[in-house]
Amino acid sequence: MKLSAFVIVLLVVAGLLAFTNPDETQYRAHIQEREGIVGVLGMGLADLLSKHSSKGIHRDNYFVCSKFYAGGDGILPRQDLAWGIAGKFVDIEVEKEKQK
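Given the structure is predicted, the values throughout are model-derived calculations rather than measurements.

Draft legend 1. Structural detail: the overall build of the chain. Summing up its helical and strand segments, the chain has 4 helices and 4 strands in all. Counting from the amino terminus, the chain carries its helices and strands in the arrangement α-α-α-β-β-β-β-α. Taken against the 2.2 N^0.38 rule, which gives 13 Å for 100 residues, the C-alpha radius of gyration of the chain at 17 Å runs more than 25% over that of a compact globule. With the C-alpha coordinates of the chain rotated into their principal frame, the extents come out at 55 × 35 × 25 Å. Expressed as a percentage of its 100 residues, the buried residues of the chain come to 26%. Long-range contacts, defined as pairs at least 24 residues apart, comprise 40% of the intrachain contacts of the chain with a sequence gap of at least 6. Working note: accessible area of the chain is about 7,300 Å², and carbon and sulfur atoms make up 64% of it. Of the side chains in the chain, 12 bear a positive and 12 a negative charge, and the two mean positions are spaced by 4 Å.

Structural data, given as structure tokens:
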């Protein structure tokens, strides 16, 4: 009985996480709010240098969370930016900054 209750709770939590999984538009709004005009200009430059217009920021969707990255399809090399989960964003720190 306890196992089935645990599975039900786990499924409900996974469903809530999948429902609140942020998309690219929400990430762009997060960057605009956090960094202001500099962030908007940076995203615009990434859009300009990518193969597809308005696709400088990409998202890998893992159903309960998403990984956001820039580049990787044109001139810019791929750079991981953040994880999105439950409508929030967790920035990925560059390994070089951690080594300093």
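Draft legend 2. Fine view of the nonpolar core. Within the largest apolar cluster, 9 residues are counted, these being Tyr27, Ile31, Met43, Ile57, Phe68, Ala70, Leu81, Ala82 and Phe89. Sorting the residues of this core by element identifies α2 (24-35), β2 (66-70) and β3 (79-85) as the ones contributing at least two each. Not counting the four nearest positions on each side in its chain, Ile57 is found in contact with Glu24, Tyr27, Arg28, Met43, Asp47, Phe68, Tyr69, Ala70 and Leu81.

About the criteria used
- Residues numbered from 1 in each chain as written.
- Predicted model: local features only at pLDDT ≥ 70, side-chain atom pairs only at ≥ 80, totals over all residues.
- Heavy atoms only, no water.
- Helix = DSSP H or I, 4+ residues; strand = E, 2+ residues; numbered from the N terminus.
- Rg over C-alpha atoms; globule rule 2.2 N^0.38 Å.
- Buried < 20%, exposed > 50% of the residue type's maximum accessible area, 1.4 Å probe, protein only.
- Contact = heavy atoms within 4.5 Å.
- Areas by Shrake-Rupley, 256 points an atom, 1.4 Å probe, with all protein chains shown as cover.
- Lys, Arg positive; Asp, Glu negative; His and termini not counted.
- Charge placed at Lys NZ, Arg CZ, Asp CG, Glu CD.
- Core = buried A, V, L, I, M, F, W, Y, C linked by side-chain atoms within 4.5 Å.

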